[in-house]
Amino acid sequence: MSRPRTTPGPAPSAPRNAPDTPRSAPRDTSAATPGAAPDASSGAPREARGARARDNAPWTAFGGDLHLDLTERRAAGAGLRAALEDALREAVQDGRLAPGTRLPSSRALGEDLGIARNTVVEAYGQLTAEGWLDSRPGSGTTVAERAAPRPAGRPATVRADRRPTGRHDLLAGRPDLSLFPRSAWLASARRALAVAPHDAFDYGSPLGRIELRQALSDYLARVRGVRTDPDRLLVCAGFGQGLGLLAAALRGRGAGRIAVEGYGLPPQREVLRAAGLGLAPLPLDCNGARTDLLDDLGGASGTAERLGAVLLTPAHQFPSGAALAADRRAAAVRWARERDGYVIEDDYDGEFRYDRQPLGAMQALDPDRVVYGGTAAKSLAPGLRLAWLALPDELVEPVARLKALADTMSPVTDQLTFAELITSGRYDRHVRRCRLHYRRRRDLLVAALAERAPQVRVTGIAAGLHAVLQLPPGSRPEAELLGRARAAGLVLTGLDWYRARPDAERALDLPAAPDARPDAAPHDASDPSPNDTPDAAGAPPALVVGYATPSDHAFPAALDALCGILRES
């Protein structure tokens with residue numbers, strides 16, 4: 001009878017009995033007798049009970065995956081069993097083997113490491129006695145649960161989502177996620193995957209899959225009046241990424257600054273600053289941004305102060321809700337042509353219009369000078385990270401090159417699914433359903449405020465997914481109102497949060513933008529320049545309410561809490 005091998009040998013080239021799924025992993029027989037003994041209480045075999053217990057646990061079926069180094073320990077004089085115990089103990093201590101991880105069976109680990117099974121059984125037994133491992137008959141051997149102290153000097157955990165949380169979420173910027181068309185998305189995914197060519201899953205164009213670019217080209221022309229073709233469309237991971245790519249490309253073309261609306265999304269301004277662009281806020285009134293002032297903001301060509309672009313939300317200014325007047329659209333395009341600049345059109349909620357005819361995309365005025373940006377974040381869900389840019393010819397190559405450097409290309413399966421959703425007509429049906437849903441929400445908000453807080457004026461509601469609530473003069477300060485809202489479990493923002501005048505912009509010696517209240521009167525040619533416009537810090541408070549965000553069952557309670565705060569304002 002030959003002696004079992006007790007010295008480390010080469011690991012086999014492939015794991016013996018390697019499973020395809022965790023359920024088919026070999027059972028650890030180190031603590032169980034051969035055969036499947038039935039459970040006394042349920043009659044189920046021990047293998048079945050062990051499989052159920054292991055369904056949700058991480059597992060390792062191949063000893064080579066443990067990366068246990070026995071050679072150095074053996075060279076230092078340790079016995080084989082002691083070397084194995086030390087290697088396993090170290091793997092648990094440094095976190096490579098997380099609590100709950102199922103280890104290979106004693107027989108499988110012995111064969112993979114080229115050592116006797118009895119040596120593994122003894123090592124498992126010793127570590128189980130010490131509390132490092134946990135072994136139960138029929139359930140195999142797992143890493144024991146234990147309290148792990150936080151290492152000294154470990155950096156603080158970064159929050160995945162910077163949005164505040166509360167019982168009633170009325171933050172603007174998100175749709176009702178319960179409306180996501182799961183069945184339609186699944187049907188489109190099945191169809192798209194069934195007909196997709198094999199090379200669709202290879203590295204592809206940084207512009208995105210041709211199926212989606214073709215579908216978007218047709219859809220945008222039909223719904224938003226965008227003039228483009230698939231070769232000038234780029235699919236990106238959210239409008240934020242697209243804006244960052246554009247900013248970097250403009251910086252490469254010699255732009256030093258970009259004009260932004262006096263009120264807008266602070267994260268977008270962060271993206272622009274991160275790309276090295278200075279910000280020049282434009283005043284706002286009820287007709288939108290004062291694009292007639294662009295000539296006054298632009299620096300000379302070739303200087304660090306040169307204004308290379310203007311970022312606008314012309315169809316539905318965010319957050320005031322104003323639509324950019326026709327003459328101001330024309331003024332922005334004229335400026336771009338004469339100054340070799342670009343207009344970046346953020347059409348973030350172009351599908352949702354209620355009380356007025358849809359406004360066509362500004363891009364149609366001059367596709368060579370206006371970059372159109374759209375997104376599925378409001379119509380479907382922000383978690384999809386699906387957005388697109390319709391680019392002028394001169395920007396296609398530099399922006400696509402930057403996209404390739406950023407992440408090579410956007411994920412394929414969601415692009416194919418979204419393309420199928422559009423071409424099948426399911427997307428149009430979903431948007432129509434959402435439009436009716438959000439209009440009802442808006443009407444409920446307006447009716448509740450008219451009855452329970454009549455002193456509040458609701459504006460910016462002809463389109464979009466949010467409203468601006470303007471309080472009368474003499475109301476509590478905006479900061480105090482927001483504090484009372486937080487105490488009541490309400491999560492919302494004040495209009496001042498969107499104002500383009502944070503410390504980072506003051507440090508650039510830029511003018512503070514004037515008030516952007518939607519009821520502000522239009523300015524005329526005799527109005528002061530942005531540098532002479534007084535601060536609007538003393539204006540009455542206004543709140544920005546995202547009425548689309550809560551689900552149906554949560555909306556009535558959120559509305560009650562909001563009206564309660566406004567009654568006491």
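Residues numbered from 1 in each chain as written. Predicted model: local features only at pLDDT ≥ 70, side-chain atom pairs only at ≥ 80, totals over all residues. Heavy atoms only, no water.

So, the environment of L84
Structurally, the position occupied by L84 is in helix 3 (residues 80-93). With relative accessibility at 0%, the residue L84 sits in the buried group. Apart from residues no more than four positions distant in its own chain, L84 is found in contact with L68, L70, L113, I115, T119, V120 and A123. (Helix = DSSP H or I, 4+ residues; strand = E, 2+ residues; numbered from the N terminus. Buried < 20%, exposed > 50% of the residue type's maximum accessible area, 1.4 Å probe, protein only. Contact = heavy atoms within 4.5 Å.)

Focus: unusual backbone geometry
Residue P319 follows F318 across a cis peptide bond; omega there is 10°. Inspection of the secondary structure assignment puts P319 in the loop between strand 9 (307-312) and helix 11 (326-338). Not every positive phi belongs to a glycine, and D340 is a case in point at roughly 55°. Along the polypeptide, D340 turns up in the loop between helix 11 and strand 10 (342-346). The backbone of R385 shows a phi angle near 55°, a positive value even though the residue is not glycine. Summarising the element assignment, R385 is placed in the loop between strand 11 (370-375) and strand 12 (387-390).

Brief notes about helix 13 (residues 412-423)
Along an α-helix, a turn takes 3.6 residues, which lines up residues three or four apart on a common side. The end-to-end C-alpha distance of helix 13 is 17 Å, a good match for the 16 Å that twelve residues give at a rise of 1.5 Å each. Counting buried residues along helix 13, nine of its twelve residues qualify, which places the element largely inside the surrounding structure. What helix 13 keeps buried is the set V412, Q415, L416, T417, F418, A419, E420, L421 and I422. Buried positions along helix 13 lie against helix 6 (182-195), helix 7 (210-223), strand 4 (233-236), strand 12 and helix 14 (426-452). (Expected span 1.5 Å × (residues − 1).)

Topic: the sheet that holds strand 4
The mixed open sheet is built from seven strands, whose spatial order is 4-12-11-10-9-5-6. The sheet is open, and its two borders are formed by strand 4 and strand 6 (278-282), each paired with just one other strand. The mean inter-strand angle of the sheet, taken between neighbouring strand axes irrespective of direction, is 20°. Bridge count between strand 11 and strand 12: four bridges; the pairing is antiparallel. Pairing of G373 across the sheet is with L389, part of strand 12. (Pairing = 2+ DSSP bridges. Axes fitted to C-alpha atoms, helices over the stretch in contact; angles between N-to-C directions.)

What about the packing of helix 13 against helix 14?
Close contact between helix 13 and helix 14 brings their axes to 4 Å; oriented N to C, the two are set at 75°. In terms of orientation, helix 13 lies roughly perpendicular with respect to helix 14. Listed contacts from helix 14 to F418, E420, L421 and I422 of helix 13 are R426, Y427 and D428. Looking at the contact of helix 13 with helix 14 residue by residue, the classes come out as four nonpolar, no polar and three charged. (Parallel < 35°, antiparallel > 145°, perpendicular 65-115°, else oblique. Nonpolar A, V, L, I, M, F, W, Y, C, P; charged D, E, K, R; others polar.)

As for helix 15 (residues 478-487)
All buried positions along helix 15 are accounted for by E478, L481, L482 and A485. The arc that holds every buried residue of helix 15, seen down its axis, measures 95°, which confines them to one face. Facing away from the buried surface of helix 15 by more than 90 degrees, the exposed residues are A479 and A487. Among the structural elements, strand 15 (490-491), strand 16 (493-494), strand 17 (542-545) and helix 17 (555-567) are those in contact with the buried residues of helix 15. (Arc of directions from axis to C-beta.)

Some words on the packing of helix 8 (residues 239-252) against helix 12 (residues 393-407)
One way to put it is that helix 8 packs onto helix 12 with a least axis distance of 9 Å and a crossing angle of 120°. As far as their axial angle goes, helix 12 and helix 8 are oblique. Both helix 8 and helix 12 take part in a crossing whose hand is right-handed. Where helix 8 approaches helix 12, its residues Q241, L245, L246, A248 and A249 are matched on the opposing element by L395, P398, V399, L402, K403, A406 and D407. Here the contact of helix 8 with helix 12 is composed, by residue class, of nine nonpolar, one polar and two charged. (Left-handed = near helix turned anticlockwise from the far one by under 90°.)

Points about the pairing of strand 9
Counted residue by residue, strand 9 has six buried out of six residues, so it is predominantly covered. Bridge analysis of strand 5 (residues 257-261) against strand 9 gives four bridges, and the strand direction is parallel. Bridge pairing in strand 9 links R257 to L307. Running through helix 11, the crossover from strand 9 to the neighbouring parallel element strand 10 is right-handed. (Right-handed = clockwise from strand over helix to strand, strands pointing away.)

A short note on the side chain of T101
Position of T101 relative to the elements: it lies in the loop between helix 3 and helix 4 (106-113). When its relative accessible area of 6% is taken as the criterion, T101 is described as buried.

Concerning the nonpolar core
Counting 33 residues, the largest nonpolar core has L449, L469, L492, L562 and L566 as the members making the most contacts within it. Contributing elements (two or more residues each) for this core: helix 14, strand 14 (467-470), helix 15, strand 17 and helix 17. The leading source of residues in this core is helix 17, at eight residues. Beyond its immediate chain neighbours, meaning those up to four positions away, L492 contacts L170, L171, L482, A485, L543, V544, V545 and L562. (Core = buried A, V, L, I, M, F, W, Y, C linked by side-chain atoms within 4.5 Å.)

Some remarks on the pattern of salt bridges
Tallied over the entire structure, the rule returns 31 salt bridges. Here E211 makes a salt bridge to R209, at a shortest N to O gap of 2.9 Å. On the basis of relative accessibility, which here comes to 14%, the residue R209 falls in the buried class. The closest approach of N and O atoms between E338 and R334, which form a salt bridge, is 3.0 Å. Note that E338 and R334 are positioned in helix 11 at a spacing of four residues, about one turn of the helix. Residue class for E338 comes out exposed when judged on its relative accessible area of 53%. (Salt bridge = Lys/Arg side-chain N within 4 Å of Asp/Glu carboxyl O.)

Coordinates in, geometry out; function isn't part of it.
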